[in-house]
Amino acid sequence: MTSVRLINVWPTFLLRACSHSSAARRLLLPCAQAAANRHLHSCSDGSFQPHRTFTLSTCTFRSSGDFTDDEYEEEEEDYIDDSEVEELFRQQVATPSLDGQHSIFIVHPDVKWGSRKQHLTTATLMMAEAEGLVNTLDNWRVVDKVILSTKTPEKKRIFGKGNFQSLSEKIRQTAGVTAVFVNVERLSPASERELEEAWGVSVMDRYSVVLHIFRCNARTKEAKLQISLAEIPLLRSRLKNDLANLDQQGGGSRYIGGSGETLLEVQQRLLKEREMKIRAVLVKLKKKRHLLRAQRKHKEFPIVSVLGYTNCGKTTLIKALTGDSVLQPRNQLFATLDVTVHAGRLPSRMAILYVDTIGFLSQLPHQLIDSFSATLEDIKHSDLLIHVRDISHPETINQKVNVLNVLKNLNIPDRLLNSMIEVHNKIDLVDNYQHSEPEALPISALAERGLDPLRRVIEENIVSSTGKHILDLKVNLSSAQLSWLYKEATVQEVKVNPEEGSAVVCVIISAAAYGRYRKLFGSS
């Protein structure tokens, strides 16, 4: 089996070359510094520690409901040790300054015109979402916030001279501020550096905040690896930022110990090697996902992906539809980072699999979405999509637009988009809810209201999309026909004729299963 080896030794010549400069020492990537420490301090006998090799990890799938083990079972194998994933996950953290307790000052630039102006929302609502992101983290709190108009969002300081000066004074005068959250998609390295120098505290954008939330919520191997991959662009930005400061001291462009590489080149190479390691493991994970999908297809279980804006109630809905006690929905953003599969049955007793997916968010860079492409790819291979909307949210229309844009960017097949079921969730939180969109289904997943009509619509769409047939088959009760149909199809009704020793069985059956039935028992 092909393996990817962990770099275990940081060149001692680089340590010597950097030992004179505190800025250079700070630039040593955490993985390199840790490896160097292990090499210099723990290998006192002069021996080298053996390299460890990667194996492949898999994702987590759960089966539940009234399935038996022989009906639905996805075997799970460990292709990479937990310790190896943890080492990759902990080696390099793109935002170490965000760990621990923080008192956050939120700044929302209200763009007045141009391509960056938001048309489907308001500055107040966007500020509320920024607060929601901060409040997701247990150790963070908002100490103050401000919405400030700008006509120059592309400039380093974002705001005009007067507004920037008054903002800086307000931040400095606010007691206890440890970080400033600028509510924009991404800050350039130069902009981040200049703002930190002006305000004297760490500065973050939506990309870094969401990544930190992901890191805090990551539980499975795949989520941790995908987050580590998503952090690479941020690490590169930090690297350029820090090396720009080092160049001002005359140390960033120097060659390291006769190696022919500058400090910047060494750091870039290490980041590239780290990225290649992570991608290699994720490629294998993708193959494992493909095998699991093929396993489900072979067993002919229809697959329904449940998707929507973060915290819209996807997990709560799946729990209500399946009765899966393992699911524990949480009222917070990005509570689900991994794809989990949950088994249930439709009114006809047809077996079905519901896929719980990661929630979407507005103003997220494509790089972050791309890092989770392996997870989101499951959506493409579904038989049906359910788009859950939090109809009680003031930005429900904007959230719908964002979800549809992400699906478009993921190149979801038109057949899935055209047949997608839209669900209006949390109607119990809306006073005098009016059903204004005829094709949408109003429900309350938490109160389990409106679920039976939803189940019926799911069944109709599944029968249509999977090409299953509803047939009346005459069977001989002395043969194995009836037991075979119970195992391989969905039996809806059995009308027994005791005089003939036969029965007419109404079934929902796939074309492939019906072909096998005719081969075994002939036509009915």
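Residues numbered from 1 in each chain as written. Predicted model: local features only at pLDDT ≥ 70, side-chain atom pairs only at ≥ 80, totals over all residues. Heavy atoms only, no water.

(A) Examining the overall build of the chain more closely. Each helix and strand in the chain was counted, giving 19 helices and 13 strands. Expressed as a percentage of the 524 residues in the chain, the buried residues total 51%. Residue pairs at least 24 apart in sequence account for 73% of intrachain contacts in the chain once pairs closer than 6 positions are excluded. A total accessible area of about 24800 Å² is found for the chain, and carbon and sulfur atoms account for 48% of it. (Helix = DSSP H or I, 4+ residues; strand = E, 2+ residues; numbered from the N terminus. Buried < 20%, exposed > 50% of the residue type's maximum accessible area, 1.4 Å probe, protein only. Contact = heavy atoms within 4.5 Å. Areas by Shrake-Rupley, 256 points an atom, 1.4 Å probe, with all protein chains shown as cover.)

(B) Broad picture of the packing of helix α6 (residues 161-173) against helix α7 (residues 189-199). Relative orientation of the contacting elements α6 and α7 amounts to 55 degrees, with a least axis distance of 10 Å. What the angle tells us is that α6 and α7 run oblique. Counting all contacts with α6, which are made through Phe164, Leu167, Ser168, Ile171 and Arg172, the residues of α7 involved are Leu195, Ala198 and Trp199. Taken together, the residues of the contact of α6 with α7 sort by class into 6 nonpolar, 1 polar and 1 charged. (Axes fitted to C-alpha atoms, helices over the stretch in contact; angles between N-to-C directions. Parallel < 35°, antiparallel > 145°, perpendicular 65-115°, else oblique. Nonpolar A, V, L, I, M, F, W, Y, C, P; charged D, E, K, R; others polar.)

(C) Inspection of the nonpolar core at higher detail. The biggest cluster of nonpolar side chains holds 38 residues, and the ones touching the most others in it are Ile104, Trp140, Phe181, Met204, Ile379 and Leu407. Breaking this core down by element, the ones donating at least two residues are β1 (102-111), α5 (123-136), β3 (179-182), α8 (206-217), α9 (221-230), α14 (373-380) and α15 (396-409). Counting residues per element, this core draws most heavily on α8, at 6 residues. Among residues more than four places away in sequence, those in contact with Trp140 are Leu98, Gly100, His102, Ile104, Val134, Met204, Val209 and His212. (Core = buried A, V, L, I, M, F, W, Y, C linked by side-chain atoms within 4.5 Å.)

(D) The sheet that holds strand β6 (residues 340-345), seen in detail. Ordered in space as β6-β7-β5-β8-β9-β10, the 6 strands form an open sheet in which the pairing is mixed. At either end of the open sheet lies a strand with only one pairing partner, and these are β6 and β10 (441-442). Bridge count between strand β5 (residues 303-308) and strand β7 (residues 351-356): 4 bridges; the pairing is parallel. Across the sheet, residue Val306 finds its bridge partner in β7, namely Asp356. Here helix α12 (residues 314-322) sits on the sheet in contact with β5, β6, β7 and β8 (384-390), set at roughly 165 degrees to β7. (Pairing = 2+ DSSP bridges.)

(E) Local environment of the pairing of β3. Every second residue of β3 is oriented toward a common face, with Ala179 and Phe181 on one face and Val180 and Val182 on the other, all of them buried. In this sheet, β3 lies alongside β1 in parallel orientation, the contact comprising 4 bridges. Directly across from Ile106, in β3, lies its bridge partner Phe181. Remark: the β3/α7/strand β4 (residues 202-204) crossover connection has right-handed handedness. (Right-handed = clockwise from strand over helix to strand, strands pointing away.)

(F) Representation of the pattern of salt bridges within the structure. Overall, the coordinates contain 16 salt bridges when judged by the stated rule. Between Arg206 and Glu129 there is a salt bridge, with the nearest N and O atoms lying 2.8 Å from each other. Taken as a pair, Arg206 in helix α8 and Glu129 in helix α5 lie far apart in primary sequence, 77 residues in all. Per residue, the accessibility class of Arg206 equals that of Glu129, and both read buried. Between Glu422 and Lys400 there is a salt bridge whose closest N-O contact spans 3.0 Å. (Salt bridge = Lys/Arg side-chain N within 4 Å of Asp/Glu carboxyl O.)

(G) Highlighting the sheet that holds strand β12 (residues 490-497). Strand order in the open sheet formed by 3 strands is β11-β13-β12, and the pairing between neighbours is antiparallel. Single-partner strands in this sheet number two, and they are β11 (469-476) and β12. The sheet shows a mean angle of 20 degrees between the axes of neighbouring strands, direction not considered. The pairing of β11 with strand β13 (residues 502-509) spans 8 bridges and is classified as antiparallel. Residue Asp472 lies in a different strand from β13, and its bridge partner there is Cys506.

(H) Representation of a nonpolar patch on the surface within the structure. On the surface, Leu477, Tyr486, Val494 and Val496 cluster together into a nonpolar patch covering about 350 Å² of accessible area. Looking at where Val496 falls in the secondary structure, it is placed in strand β12. (Patch = residues over 30% accessible without salt bridge, like charges linked within 9 Å, V, L, I, M, F, W, Y side chains within 5 Å.)

(I) Up close: the environment of Arg186. Position of Arg186 relative to the elements: it lies in the loop between β3 and α7. The spacing of Arg186 and Tyr207 is 21 residues in sequence and 6.1 Å in space, taken between C-alpha atoms.

(J) Main features of the packing of aromatic side chains. Evaluated as defined, the whole model comprises 5 aromatic pairs. With a centroid separation of 5.8 Å and 25 degrees between ring planes, the pair formed by Phe164 and Trp199 is classed as stacked. With a gap of 35 residues between them, Phe164 in helix α6 and Trp199 in helix α7 connect regions that are remote in the sequence. Its relative accessible area of 5% is what places Phe164 among the buried residues. Residue classification places Trp199 among the buried positions, given a relative accessible area of 6%. With 6.3 Å between their ring centres and 15 degrees between their planes, Tyr514 and Tyr517 make a pair best called stacked. Of the two residues, Tyr514 and Tyr517 are both situated in helix α19 (residues 511-521); the distance of 3 residues between them amounts to about one turn of the helix. Ring-pair connections join several aromatic residues into one group, and the members of that group are Trp484, Tyr514, Tyr517 and Phe521. (Phe/Tyr/Trp six-rings, centres within 6.5 Å; stacked < 30°, edge-to-face > 60°.)

(K) View of α7. Of the positions making up α7, those classed as buried are Ser191, Glu192, Arg193, Leu195 and Trp199. Positioned one or two residues after α7, Gly200 has a phi angle of 75 degrees, which is positive.

(L) Spotlight on unusual backbone geometry. Although it is not a glycine, Ile158 adopts a positive phi angle of roughly 65 degrees. Summarising the element assignment, Ile158 is placed in the loop between β2 (140-150) and α6. A positive phi angle, close to 70 degrees, is found at Asn311, a residue other than glycine. With respect to the helices and strands, the residue Asn311 is situated in the loop between β5 and α12.

(M) Focus on the environment of Ser168. Mapped onto the elements, Ser168 comes out in helix α6. Given the relative accessible area of 4%, Ser168 is considered buried. A polar contact is formed between the side chain of Ser168 and the side chain of Trp199, at a distance of 2.9 Å. (Polar contact = N/O pair within 3.5 Å; in protein donor to acceptor, adjacent residues only side chain to side chain.)

(N) Region of the structure containing the packing of α5 against α8. At a closest axis distance of 10 Å, the pairing of α5 and α8 adopts a crossing angle of 35 degrees. As α5 packs across α8, the resulting crossing turns out to be left-handed. Of α8, the residues touching α5 (which contributes Glu129, Leu133 and Thr136) are Arg206, Val209, Val210 and Ile213. Of the residues contributing to the contact of α5 with α8, the split by class is 4 nonpolar, 1 polar and 2 charged. (Left-handed = near helix turned anticlockwise from the far one by under 90°.)

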